[in-house]
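An overview of the molecular structure
Chain residues, written in single-letter form:
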Protein chains: 2
Amino acid sequence: MEAKVEKYQNNGNCPVRQVLDRLGDKWSMLVLLILSEQGTLRFKAIQRSIGDISQKMLTVTLRTLEADGLVSRRQYAEIPPRVEYELTDLGQSLLPHINRLAAWAVQHMEEITQHRAAYPGR
Amino acid sequence: MEAKVEKYQNNGNCPVRQVLDRLGDKWSMLVLLILSEQGTLRFKAIQRSIGDISQKMLTVTLRTLEADGLVSRRQYAEIPPRVEYELTDLGQSLLPHINRLAAWAVQHMEEITQHRAAYPGR
DNA sequence: CAGTATCCTACGCGATACTG
DNA sequence: CAGTATCGCGTAGGATACTG
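What you are looking at is a predicted structure, and each value in this text was computed from that prediction instead of being measured. Every residue gets a number counted from 1 within its own chain, in the order that chain's sequence is written. Chain letters start at A and ligand numbers start at 1, both assigned in the order the entries are written. Note on the predicted model: pLDDT of at least 70 is required for a residue's local features to be given, and 80 or more for side-chain atom pairs to be given and counted; whole-chain, interface and lining totals, by contrast, use all residues. No hydrogens and no water enter the side-chain calculation; it runs on all heavy atoms of the structure.

Here we look at the relation of the copies chain A and chain B
A rotation about an axis combined with a shift along that same axis relates the two copies of the chain. Our working definition: Fitting of the copies onto one another was done by least squares over C-alpha atoms, counting residues only where both copies have pLDDT of at least 70. Throughout, a residue-residue contact means that at least one pair of heavy atoms, one from each residue, lies within 4.5 Å.
Superposing chain A onto chain B takes a rotation of 180° combined with a translation of 0.0 Å along the rotation axis, leaving an RMSD of 0.0 Å. Considering both components of the superposition, the chain copies are consistent with a two-fold axis. Rotation axis and chain A: the residue whose C-alpha lies nearest the axis is Gly24 of chain A, separated from it by 2.1 Å. In this assembly the copies share their binding face: 98% of the residues contributing to the interface of chain A also contribute to that of chain B.

Here we look at the pairing of strand 2 (residues 71-76) of chain A
Residues and elements named next belong to chain A. For clarity, the cut-off: Criterion used throughout: strands pair if DSSP finds at least two bridges between them. Think of it this way: any DSSP run of H or I at least four residues long counts as a helix, any run of E at least two long counts as a strand, and we number them from the N terminus.
Two strands pair when backbone bridges link them, and strand 2 and strand 3 (residues 82-87) are joined in this way by six bridges, in the antiparallel orientation. For Tyr76, the partnering residue across the bridge sits in strand 3 and is Arg82. Counting the residues in the hairpin turn of strand 2 and strand 3 gives five residues.

Thoughts on the interface of chain A and chain B
Under the convention used in this document: Values labelled buried area give the accessible surface lost by two parts on being combined, using a 1.4 Å probe and summing over both. What counts as a salt bridge is simple: a side-chain nitrogen of Lys or Arg found within 4 Å of a carboxyl oxygen of Asp or Glu. Residues adjacent in sequence count toward polar contacts only when both atoms are side-chain atoms; beyond that, a polar contact is any pair of N or O atoms within 3.5 Å, and within protein one must be able to donate a hydrogen and the other to accept it.
Across the boundary between the two partners, chain A contributes 51 residues, which contact 50 residues of chain B. Summing both sides of the interface, chain A and chain B together bury roughly 4800 Å²; the carbon and sulfur share of this comes to 65%. Seen at the junction of chain A and chain B, the total is five salt bridges. Among the ionic pairs, Arg17 of chain B bridges to Asp52 of chain A, the shortest N-O distance being 3.0 Å. Where chain A touches chain B, the interface holds 14 residue pairs in polar contact (both at pLDDT 80 or more).

Description of the UniProt feature "domain: HTH hxlR-type" (unreviewed entry) in chain A
To be explicit about the condition: UniProt positions are given in the numbering used here, feature names are shortened, and annotations may be inferred rather than shown by experiment.
If you check UniProt for "domain: HTH hxlR-type" (unreviewed entry), the listed places come out as residues 14-113 of chain A in our numbering. Across residues 14-113 of chain A, the secondary structure splits into 66% helix and 14% strand, with the terminal C-alpha atoms separated by 32 Å.

Considerations on the sheet that holds strand 1 (residues 41-42) of chain A
Residue and element names in this part refer to chain A. Which entries qualify depends on this criterion: Interaxial angles span 0 to 180 degrees and are taken between N-to-C directions of axes, which are lines fitted to C-alpha atoms, for helices over the stretch in contact.
Spatial strand order, 1-3-2: three strands in an open sheet with antiparallel pairing. Strand pairing shows two members of the sheet lacking a second neighbour, strand 1 and strand 2, which therefore form its edges. Set on the sheet, helix 2 (residues 28-38) makes contact with strand 1, strand 2 and strand 3; between it and strand 3 the angle comes to about 90°.

Some details on the nonpolar core
This is how the line gets drawn: Each nonpolar core is a collection of buried residues, namely Ala, Val, Leu, Ile, Met, Phe, Trp, Tyr and Cys, held together in the definition by side-chain atoms within 4.5 Å. Relative accessibility decides the category of a residue: with a 1.4 Å probe and only protein chains considered, values under 20% of the type maximum give buried, values over 50% give exposed, and everything between is partly exposed.
Within the largest apolar cluster, 74 residues are counted, with the highest numbers of intra-cluster contacts made by Leu32 and Ile46 of chain A together with Leu32 and Ile46 of chain B. The residues touching Leu32 of chain B, leaving out its near neighbours within four places in the chain, are Leu23, Leu65, Leu70, Val71, Leu87, Leu94, Leu95 and Ile98 of chain B.

Observations concerning the protein's contact with DNA strand D
To keep things clear, this is the line we draw: Near is defined per residue: the residue qualifies when any heavy atom it owns lies within 4 Å of the molecule or strand.
Contacts to DNA strand D come from 19 residues, most closely from Lys56 and Met57 of chain A together with Gln55, Arg73 and Tyr85 of chain B. When the atoms of DNA strand D within 4 Å of the protein are grouped by moiety, sugar and phosphate amount to 55% of the total. A distance of 3.0 Å separates a phosphate oxygen of DNA strand D from a polar side-chain atom of Arg42 of chain B. Arg73 of chain B places a polar side-chain atom, nitrogen or oxygen, 2.5 Å from a phosphate oxygen of DNA strand D. Of all the elements in the fold, those that place two or more residues in the surface near DNA strand D are helix 4 (55-67) of chain A together with helix 3 (43-50), helix 4 (55-67) and strand 3 (82-87) of chain B.

A few points about the protein's contact with DNA strand C
In the neighbourhood of DNA strand C, 19 residues make up the surrounding shell, with Gln55, Arg73 and Tyr85 of chain A together with Lys56 and Met57 of chain B lying closest. Gln55 of chain A is positioned with one of its side-chain polar atoms (N or O) 2.3 Å from a base nitrogen of DNA strand C. Note that a phosphate oxygen of DNA strand C is positioned 2.5 Å from one of the side-chain N or O atoms of Tyr85 of chain A. Contributing elements (two or more residues each) for the surface near DNA strand C: helix 3 (43-50), helix 4 and strand 3 of chain A together with helix 4 of chain B. With four residues, the single largest contributor to the surface near DNA strand C is helix 4 of chain A.

Overview of the packing of helix 5 (residues 89-118) of chain A against helix 5 (residues 89-118) of chain B
As a reminder, the rule being used: Oblique is the label for any angle not under 35 degrees, not over 145, and not in the 65 to 115 range, which are roughly parallel, roughly antiparallel and roughly perpendicular in turn. Helix crossings fall into two classes, left-handed where the near helix is turned counterclockwise from the far one by less than a right angle and right-handed where it is turned clockwise. For this classification, the nonpolar set comprises Ala, Val, Leu, Ile, Met, Phe, Trp, Tyr, Cys and Pro, the charged set comprises Asp, Glu, Lys and Arg, and every other residue, Gly included, is treated as polar.
Following both chains from N to C, one finds helix 5 of chain A and helix 5 of chain B inclined at 155°, their axes separated by 10 Å at the closest point. Considering the angle they form, helix 5 of chain A stands roughly antiparallel to helix 5 of chain B. The crossing of helix 5 of chain A and helix 5 of chain B is left-handed. On helix 5 of chain B, the residues touching Leu90, Ser93, Leu94, His97, Arg100, Leu101, Trp104, His108, Glu111, Ile112 and His115 of chain A of helix 5 of chain A are Leu90, Ser93, Leu94, His97, Arg100, Leu101, Trp104, His108, Glu111, Ile112 and His115 of chain B. Looking at the contact of helix 5 of chain A with helix 5 of chain B residue by residue, the classes come out as ten nonpolar, eight polar and four charged.

In structure tokens:
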């Protein structure tokens, strides 16, 4: 008794679209993956781990993840400042899924690359 | 004995980043989800199912998915034209992961919404 | 170190019109 | 119906400089 056909319509009230819109930015999933693998990390450590993310975008990404409740931020009153990030419980509950996606990527990238190369036009 | 810390660096040879870059656009995951649930579909049917995707973007998205080998395209010599899309085996192998992500989204959206609302500033 | 504050640009995407 | 072809805009996100 469910309407199954149109359930992805209308951005406002579709959870799938809301979540995908968030994780679909350039850095969110990557930051989550890194926190998942390496546990608690400082700002600089995350940045180094990604390598080519700007300071601005790492800040923005972390703020958004924090606002969504996926990542927690803890700052210490020291000089120089130290700020550490880690996954919340909610974040931890999401991560197995992202990890499997990443594992799939590693496993099938070769195949995708070959498809692309064989695709007519380009 | 692996270098584990920096493995997400450098866009060129990191499968995780390559795949995430692809699925991270506005429509790819959604189209995959729909094809996964509803099987073989015509262009118009996909468009109706999403509702607010433009013709151009659906075309572009489907072309990319086809080039990557995730979706197959079959066109019939009829008038008016009929073109049908479905997941390839490679696409099918990816979809369980995306489906679990979507399920997680449905299950936890409420919680995320509350976090956002409670977040200071905005 | 861990941020903010500006400025600026590429390009993702939508709107519209046309074709086989 | 299932596309292509243009045009044009908004904004994600990079570069740079400054602060506590």
